[in-house]
Amino acid sequence: LITNPPYGERMGDKAAADAVTRELGALYGKLDRWAFHIISSAEDFERQFGRRADSRRELRNGQLRCRYFEYFKK
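Residues numbered from 1 in each chain as written. Predicted model: local features only at pLDDT ≥ 70, side-chain atom pairs only at ≥ 80, totals over all residues. Heavy atoms only, no water.

A. Region of the structure containing the packing of aromatic side chains. Taken as a whole, this structure holds seven aromatic pairs when the rule is applied. Their ring planes at 75° and their centres at 4.9 Å tell us that Tyr28 and Phe36 sit as a pair that is edge-to-face. The pair formed by Tyr28 and Phe36 is uniform in burial state, with each residue classed as buried. In textbook terms, an aromatic cluster arises when at least three aromatic residues are bridged by ring pairs, as seen for Tyr28, Phe36, Phe45, Phe49, Phe69 and Tyr71. For Lys73, the ring lying beneath its charged end belongs to Tyr28, and the centroid distance is 4.4 Å. (Phe/Tyr/Trp six-rings, centres within 6.5 Å; stacked < 30°, edge-to-face > 60°. Buried < 20%, exposed > 50% of the residue type's maximum accessible area, 1.4 Å probe, protein only. Lys NZ or Arg CZ within 6 Å of the ring centre and 35° of its normal.)

Here it is, written out as structure tokens:
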């Protein structure tokens, strides 16, 4: 799964964006053999997602400082 969910900064609100992150984390826990690749500007993304990323990279989405998180099933 590759996604760039809402950040709650330009569109929507932070609470709704946080809920999407938690839902993605719950979904990841239910799927076997899936990899998730997610772009987010949330400073506490990994905490909300529910696990540390296997890999993370700094990047920008326009003027927003973001991170690219990768999760792999092992």
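From this point, things continue past the structure.
B. Summary view of the sheet that holds strand S3 (residues 55-61). Taking strand neighbours across the sheet as the criterion, the four strands line up as S1-S2-S4-S3 in an open arrangement whose pairing is mixed. The open sheet is flanked by strand S1 (2-3) and S3, the only strands paired with a single partner. Set on the sheet, helix H1 (residues 14-30) makes contact with S1, strand S2 (35-40) and strand S4 (64-72); between it and S2 the angle comes to about 170°. (Pairing = 2+ DSSP bridges. Helix = DSSP H or I, 4+ residues; strand = E, 2+ residues; numbered from the N terminus. Contact = heavy atoms within 4.5 Å. Axes fitted to C-alpha atoms, helices over the stretch in contact; angles between N-to-C directions.)

Coordinates in, geometry out; function isn't part of it.
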